[in-house]
Amino acid sequence: MKKRYAMWWYAVGAVAARTGDEMSGPALLLAGLAVTGSASTASWLLAGITVSAAIGGPVFGVLLDRAARPGRLLAWALGLYAVGLAAVLAGLGRVPLVATILIAVCAGLLGPALSGGWTSQLPRVATGGRLPRANALDAMTFNLASLVGPALAGVLAGVWGAPAGVVAAAALICSALPSALALPAVPDPAGSRPAASITSDLLAGVRVILRSRGLSRATTTSTVSCAGQGMLIACVPLLGESLGSAGHGAILLSVTAASALAANAVLARRPRLLAPDTVIWCSTIVLAVALVLLATGRPALLIAAMVIAGIGEGPQLTALFAVRHREAPGRLRGQVFTTGASLKITGFALGAGVAGPLADRSLPGALLAAAGVQVLAALCFAWHSRARRRVRRAGAGDARRAAPPDAHGRVRT
């Protein structure tokens, strides 16, 4: 009963925090546009709160791995992130723009806490054989948040004004504080507390990702794929116009989120249906197919293509979490998750930034470029797999040469 309650409490907090996070981006865009009247100012606010994740993620991961009560540290991060959102809203139109963007950048340092930081604690909640199913359910919280968050931001902006979305996002994130505080403590914290410096731990975490073939392959593939997803998001308003208005792009995003949620629901019932590594590379091909269909420009194919995109996005996230849980050492799990999250956020931001100018010139061209990025992600996976096979063959050859012959003169293998 206690274990069920722990997983339920974990899921409630994850949904609240991640819905607030998914709301914060669109809400900041709407608030920035409403207060300043400038689309560029609004985009700078969004860029500010996402770009700093590449720095904040690894550092927060180290602190999380060192903490005897990681839930308490996670709660502080959530609270400060919510305060940062409120401060950005309070500064809009009242303080210089540079100062407001700087506040957004500082808040963005804690962004990976809402994604990778939270997920890194899952093995302490779902122990033993319950982890694969819990992992799929955890990924579903992202899909649910991406389905509800942007829509809720738009509804609140329409009813009570654009700033209401930012306030609600901060409130949702704060509502996850009790769940964060209830996360289990680290067993025997005195014996597990590291004596090395933070810099040493940062380097250790990077070495783990680089040296683990499974982790490096999954991290590279998912980061490149996320850049392609960022390109798709940048094209969504223009795709919405083909359905009547740019606002219909939100409907397309909801279709993708619902499809991803349904795909992960299937995986939650049968978590061992496919190997996580297989899902990661297959998902990039599925996403590439969806983007090619979108590039045809046929309105009849838009909904189908976004459904296919969700079938790729949802299981990819579940599989990525499974690989991280499988490969990451317990003492560095927090850093592996937050570093991976920060890399994906950075890849997403770069993809969205590149796609904007491309879409202004040619929407089909931008979508085909995004499909090419997904194919590149699949090639990255294949390259890593081939390199791994070469290393294994070389190791097996060395072992055969080093092994002494048996009584018949044959080498034992």
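Residues numbered from 1 in each chain as written. Predicted model: local features only at pLDDT ≥ 70, side-chain atom pairs only at ≥ 80, totals over all residues. Heavy atoms only, no water.

**What to know about the overall build of the protein**
Counting secondary structure elements, the protein contains 18 helices and 0 strands. Burial status across the protein gives 47% buried among its 413 residues. Taking as baseline every contact in the protein between residues at least 6 positions apart, the subset at least 24 positions apart corresponds to 83%. Accessible surface computed for the protein: about 18600 Å², of which carbon and sulfur atoms make up 68%. (Helix = DSSP H or I, 4+ residues; strand = E, 2+ residues; numbered from the N terminus. Buried < 20%, exposed > 50% of the residue type's maximum accessible area, 1.4 Å probe, protein only. Contact = heavy atoms within 4.5 Å. Areas by Shrake-Rupley, 256 points an atom, 1.4 Å probe, with all protein chains shown as cover.)

**Thoughts on the nonpolar core**
Note on soluble globular proteins: their nonpolar side chains tend to be buried together. Ranked by internal contacts, the top residues of the largest apolar core, which has 46 residues, are Tyr-10, Leu-78, Leu-85 and Trp-118. Apart from the residues within four sequence positions on either side, Leu-78 is in contact with Ala-17, Leu-114, Trp-118, Ile-173, Ala-176, Leu-177 and Ala-180. (Core = buried A, V, L, I, M, F, W, Y, C linked by side-chain atoms within 4.5 Å.)

**Quick word on the packing of helix 4 (residues 70-91) against helix 9 (residues 162-175)**
Interhelical geometry of helix 4 versus helix 9 gives an angle of 170° and a closest axis separation of 8 Å. Taken together, helix 4 and helix 9 sit at an angle that is classed as roughly antiparallel. Both helix 4 and helix 9 take part in a crossing whose hand is left-handed. Of the residues in helix 9, those touching helix 4 at Leu-78, Tyr-81, Ala-82, Leu-85 and Leu-89 are Pro-163, Val-166, Val-167, Ala-169, Ala-170, Ile-173 and Cys-174. (Axes fitted to C-alpha atoms, helices over the stretch in contact; angles between N-to-C directions. Parallel < 35°, antiparallel > 145°, perpendicular 65-115°, else oblique. Left-handed = near helix turned anticlockwise from the far one by under 90°.)

**Considerations on the side chain of Ser-179**
Here Ser-179 is to be found in helix 10 (residues 177-181). Setting aside its immediate chain neighbours within four residues, Ser-179 contacts Trp-9, Val-12, Gly-13 and Trp-118.

**What about the packing of aromatic side chains?**
Between two aromatic rings, the relevant description is the distance of the centres plus the angle of the planes. For the structure shown, the criterion picks out 4 aromatic pairs. Between Trp-8 and Trp-9, the ring centres sit 5.8 Å apart and the planes meet at 25°, which makes this aromatic pair stacked. Look at Trp-9 and you get partly exposed, because its relative accessible area is 22%. Each ring, one from Phe-321 and one from Phe-337, has its centre 6.1 Å from the other, and the planes form 45°; the classification is tilted. Linking Phe-321 in helix 16 (residues 299-327) with Phe-337 in helix 17 (residues 333-361), this pair joins segments that are 16 residues apart in sequence. Note on accessibility: Phe-321 and Phe-337 belong to one class, buried. Linked through ring pairs, Phe-142, Phe-321 and Phe-337 together constitute an aromatic cluster. (Phe/Tyr/Trp six-rings, centres within 6.5 Å; stacked < 30°, edge-to-face > 60°.)

**Considerations on the pattern of salt bridges**
This model, assessed by the stated rule, comprises 4 salt bridges. In this structure, Arg-217 and Asp-277 form a salt bridge, with 3.0 Å as the shortest nitrogen-oxygen distance. Placement of the pair is Arg-217 in helix 13 (residues 213-241) and Asp-277 in helix 15 (residues 276-295), with a sequence separation of 60 residues. With respect to burial, Arg-217 and Asp-277 carry one shared label: buried. (Salt bridge = Lys/Arg side-chain N within 4 Å of Asp/Glu carboxyl O.)

**A look at the packing of helix 13 against helix 16**
Taken N-terminus to C-terminus, the directions of helix 13 and helix 16 make an angle of 155°; their axes are 11 Å apart at the nearest point. Considered as vectors, helix 13 and helix 16 are oriented roughly antiparallel to each other. Handedness of the crossing formed by helix 13 with helix 16: left-handed. For the pair helix 13 and helix 16, the contacting residues are Gly-214, Leu-215, Ala-218, Ser-222, Ser-225, Gln-229, Leu-232, Val-236 and Leu-239 in the first and Leu-302, Met-306, Glu-313, Gln-316, Leu-320, Val-323, Arg-324, Arg-326 and Glu-327 in the second. Among the residues making up the contact of helix 13 with helix 16, the classes are represented as 9 nonpolar, 5 polar and 4 charged. (Nonpolar A, V, L, I, M, F, W, Y, C, P; charged D, E, K, R; others polar.)

**Examining a nonpolar patch on the surface**
A surface patch of nonpolar side chains, amounting to about 280 Å² of accessible area, comprises Leu-243, Ile-303, Val-307 and Ile-311. Looking at the secondary structure, you find Ile-311 in helix 16. Given the relative accessible area of 43%, Ile-311 is considered partly exposed. (Patch = residues over 30% accessible without salt bridge, like charges linked within 9 Å, V, L, I, M, F, W, Y side chains within 5 Å.)

**Details of helix 9**
The end-to-end C-alpha distance of helix 9 is 21 Å, a good match for the 20 Å that 14 residues give at a rise of 1.5 Å each. Buried within helix 9 we find Ala-162, Ala-164, Gly-165, Val-166, Ala-169, Ala-170 and Ile-173. (Expected span 1.5 Å × (residues − 1).)

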